[in-house]
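Understanding the architecture of this molecule
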Amino acid sequence: AGVKLPYAKTFVEQYHREFGFELEGRDILIDDFRVRALVPGATPTPPPMVPPIGHPPASGSTRAYFEKGWETVSTYDFDDLKPGHKIKGPAVLFQSISTIVLEIDCTAHVTAEGDLDINVAPKKNDEDTKSDRGSEEEKVEIKEDPVQLSIYAHRFMGIAEQMGRTLARTAISVNIKERLDFSCALFTSDGGLVANAPHIPVHLGAMQSAVRFQVEYWNSEGREGIKEGDVFVANHPQLAGGSHLPDITVITPVFHQGNILFFVASRGHHSDIGGISPGSMPPHSTTLEEEGCAIIAFKLVKDGKFQEAGITDILVNQKHGGTRNLKDNLSDLRAQVAANNSGIRLLHSLVNENGLENVEAYMHFIQHNAEMAVRNMLKKFASSHGARASAIDYLDDGSPIQLTIDIDPETGNACFDFEGTGPQILGNLNAPPAVTYSAVIYSLRSLVGQDIPLNQGCLAPIEFKIPPFSLLNPSDDVGVVGGNVLTSQRVVDVVLKAFKACAASQGCMNNLTFGDDRFGYYETIAGGAGAGPTWHGRSGVHTHCTNTRITDPEILERRYPVLLRRFGLRKGSGGAGMHKGGDGVIREIEPLRPLTMSILSERRCLRPYGMAGGEGGKTGRNLLIKRGGIVLNIGAKRSGPIDLGESLVIESPGGGGYGNVM
């Protein structure tokens with residue numbers, strides 16, 4: 001209805017720039033308007049032109065690094081410059097409060113007011129560059145430069161971080177906007193992870209599997225292919241590279257002159273996508289369909305149009321009940337598309353600034369750098385501890401997770417063999433292979449003693465052997481919602497134990513959900529971190545594969561019908577040792593109306609292990625306080641009604657200690 005109004009065209013253009021698609025059949029509603037008044041006045045007299053007086057004498061010289069390498073450049077004291085002076089770059093100008101670097105081919109003029117007017121030379125376009133270089137065959141090979149490698153690594157990471165800021169700003173759900181339960185990353189044209197923001201580790205290693213699946217799926221025979229204006233959505237853990245169903249991945253190809261250069265993707269945890277319990281994290285699910293909506297491949301945006309009807313049908317029409325938060329789902333999906341769109345804009349800007357060849361080359365250099373860092377770490381470990389390492393740990397039900405690592409001391413190749421791991425579980429602690437890849441890539445990145453982006457290069461030296469139909473490689477129809485949030489933590493514990501790196505952290509995410517037929521809420525709760533050879537474990541933190549925030553008490557109580565009765569450290573729960581394990585936390589929540597509350601947790605039977613003589617951390621406890629003060633231990637996994645006057649208390653595990661107590 002508002003399309004004929006004078007502001008409509010501008011609004012639609014800005015909306016498309018932000019989100020990358022159009023919403024059809026929607027009215028434009030005015031939420032706020034402001035009036036600006038302009039009062040005509042006298043036009044300021046322009047400053048007089050200053051006659052040029054030439055080049056000023058330099059005060060000295062220095063060495064500075066520019067895009068062509070090191071240059072010896074003249075330096076100038078700004079206070080010595082006079083109106084009319086002209087300085088050609090490269091040069092460095094010193095002021096009392098700042099330093100001005102004049103780039104190559106730029107020119108600075110001192111104005112009548114003593115200001116500096118800098119003319120920036122236009123960047124040569126592709127045709128100019130080609131004519132300068134001659135034929136394509138005469139191109140100079142791009143060689144890896146350590147300074148440029150660091151710059152590009154931070155530029156790529158900065159793009160992913162900006163995607164995350166866009167997602168948090170445009171999302172509506174508490175889970176994404178406040179708890180920051182999402183990840184954003186950049187990928188090469190074949191789906192290899194290049195760089196990510198420091199978001200959720202368990203997402204990142206699995207996301208490249210999701211990207212590669214979509215590329216293969218849509219390019220297979222009989223499919224539509226990948227076109228400009230398409231955005232894909234998926235969440236199936238076993239078939240489409242997902243982690244668990246609430247983690248929905250939105251993937252956008254980045255086109256340049258009709259070709260796919262890169263992919264950008266964002267994965268966000270949606271607080272409800274249907275299933276048998278509010279929050280879509282049922283403690284006792286045994287099949288995937290009980291956990292909510294499963295999406296293998298769908299074009300969320302097609303030809304630049306958001307497919308709201310199609311995705312709504314998928315989210316609502318399910319065997320065990322559709323999503324309880326459809327409006328939040330749709331809003332957060334739009335926000336994920338917007339986050340990807342911001343990444344595309346920034347990647348295009350980077351390509352325009354530095355050239356496509358340089359950007360693509362440094363994407364591969366960064367992956368190679370990560371690969372060499374991991375290889376060197378593995379060779380160093382093999383030289384000091386031997387070429388074979390092994391470890392085993394157990395879930396609370398007794399299921400083993402066993403790992404044997406065989407390292408080639410010459411090449412730094414390694415085989416991670418999970419033979420001996422228990423069979424898939426009649427429950428939901430099964431974890432698809434993508435989750436194991438995420439846990440291993442995170443662990444290897446943590447063990448490398450240098451600052452590198454977490455990317456696909458970390459896994460290049462690694463061969464995986466995961467027994468089929470084990471709990472780390474289950475069939476495609478079993479429950480997996482707990483595997484992503486619990487088993488992933490235990491895989492990290494096993495890897496770090498094999499490398500003798502540190503004691504176990506809490507080994508759990510303490511997944512709490514509550515809601516009714518109108519809403520679902522989800523959060524993970526912090527615990528204790530494991531101690532190491534030179535450090536005490538941190539208390540009350542999210543560890544390893546989770547990196548989310550807890551919802552602020554004010555927002556929790558304003559948005560949901562609950563009271564937060566207690567939230568603090570669980571003193572003494574960390575394991576003793578020369579270096580003490582971190583303490584867990586205590587969190588008590590009371591409903592303001594009858595709700596269904598569910599807890600999905602681990603380390604309630606078996607303690608987080610200590611190392612080198614350190615003691616294990618205390619196990620966690622989940623308690624239901626009934627009216628009248630009766631306290632019930634409800635175990636590690638429970639879902640059921642909670643009434644007025646009752647409260648749920650979560651005591652999270654502590655981290656293990658390191659070293660003998662002095």
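Scope of this entry: the structure provided in the associated data block. The structure displayed is predicted, hence computed values, not measured ones.

**Brief notes about the overall build of the protein chain**
Scanning the protein chain for helices and strands turns up eleven helices and 27 strands. In summary, the protein chain has a C-alpha radius of gyration of 28 Å against a globular reference of 26 Å for 662 residues, a match within 12%. Seen along its three principal axes, the alpha-carbon backbone of the protein chain occupies a region of about 90 × 70 × 55 Å. By the burial criterion, 54% of the 662 residues in the protein chain qualify as buried. Counted over contacts in the protein chain with a minimum sequence separation of 6, partners at least 24 positions apart contribute 67%. For the protein chain, the exposed surface amounts to about 29600 Å²; the carbon and sulfur share of it is 52%. Here the protein chain contributes 64 positively and 77 negatively charged side chains, and the mean placements of these two sets differ by 5 Å.

**Focus: the pairing of strand β11 (residues 247-256)**
Counted residue by residue, β11 has nine buried out of ten residues, so it is predominantly covered. Note: strand β10 (residues 231-234) against β11, three bridges, orientation antiparallel. Residue V233 lies in a different strand from β11, and its bridge partner there is V250. In terms of strand pairing, β11 meets strand β12 (residues 259-269) through ten bridges, oriented antiparallel. By the bridge assignment for β12, T249 is matched with R267. What sits between the antiparallel neighbours β11 and β12 is a turn of two residues, in which Q257 has the positive phi angle 55°.

**A closer look at the pattern of salt bridges**
Using the criterion set out here, one finds 26 salt bridges in the structure. The residue D516 makes a salt bridge to R593 at a minimum N-O spacing of 2.8 Å. Of the two residues, D516 is situated in the loop between β19 (511-515) and β20 (520-524) and R593 in the loop between β22 (584-591) and β23 (595-600); the sequence distance between them amounts to 77 residues. By relative accessible area, D516 is classed as buried at 14%. Linked by salt bridges that have partners in common, D393, R490, D493, E602, R603 and K637 make up one network.

**Here's the deal with the sheet that holds β23**
Read from one edge of the open sheet, four strands run β20-β19-β23-β26, paired in antiparallel fashion. The outermost strands of the open sheet, each flanked by one partner alone, are β20 and β26 (637-642). Each neighbouring strand pair of the sheet contributes to a mean axis angle of 15°, computed without reference to strand direction. Direction of pairing for β19 relative to β23: antiparallel, over a ladder of five bridges. Within β23, the position partnered with T513 by the bridge is S598.

**Observations concerning the side chain of Q214**
Examined against the element boundaries, Q214 turns out to sit in helix α5 (residues 201-218). Here Q214 falls in the buried class, since its relative accessible area comes to 1%. Once residues lying within four places of it in the same chain are set aside, the contact partners of Q214 are F232, A234, A240, I251, I296 and A297.

**Description of the nonpolar core**
Among the nonpolar cores identified, the biggest contains 71 residues, and I405 and F416 are the most heavily contacted of them. Looking at this core element by element, the count peaks at nine residues for helix α10 (residues 481-498). Look past the residues within four positions of F416 in its chain and what remains in contact with it is L403, T404, I405, V440, L444, I462, E463, F464, K465, V495 and F499. Among the nonpolar cores identified, the runner-up in size contains 31 residues, and F156, L347, L350 and V359 belong to it.

**Looking at the environment of L149**
For L149, the location among the structural elements is in helix α3 (residues 146-170). Here the alpha-carbon distance between L149 and Y362, two residues 213 residues apart in the chain, equals 6.6 Å. Those residues in contact with L149, other than ones at most four positions away along the chain, are E144, Y362, F365, I366 and N369.

Cut-off values and rules
- Residues numbered from 1 in each chain as written.
- Predicted model: local features only at pLDDT ≥ 70, side-chain atom pairs only at ≥ 80, totals over all residues.
- Heavy atoms only, no water.
- Helix = DSSP H or I, 4+ residues; strand = E, 2+ residues; numbered from the N terminus.
- Rg over C-alpha atoms; globule rule 2.2 N^0.38 Å.
- Buried < 20%, exposed > 50% of the residue type's maximum accessible area, 1.4 Å probe, protein only.
- Contact = heavy atoms within 4.5 Å.
- Areas by Shrake-Rupley, 256 points an atom, 1.4 Å probe, with all protein chains shown as cover.
- Lys, Arg positive; Asp, Glu negative; His and termini not counted.
- Charge placed at Lys NZ, Arg CZ, Asp CG, Glu CD.
- Pairing = 2+ DSSP bridges.
- Salt bridge = Lys/Arg side-chain N within 4 Å of Asp/Glu carboxyl O.
- Axes fitted to C-alpha atoms, helices over the stretch in contact; angles between N-to-C directions.
- Core = buried A, V, L, I, M, F, W, Y, C linked by side-chain atoms within 4.5 Å.

These figures capture arrangement, not role.
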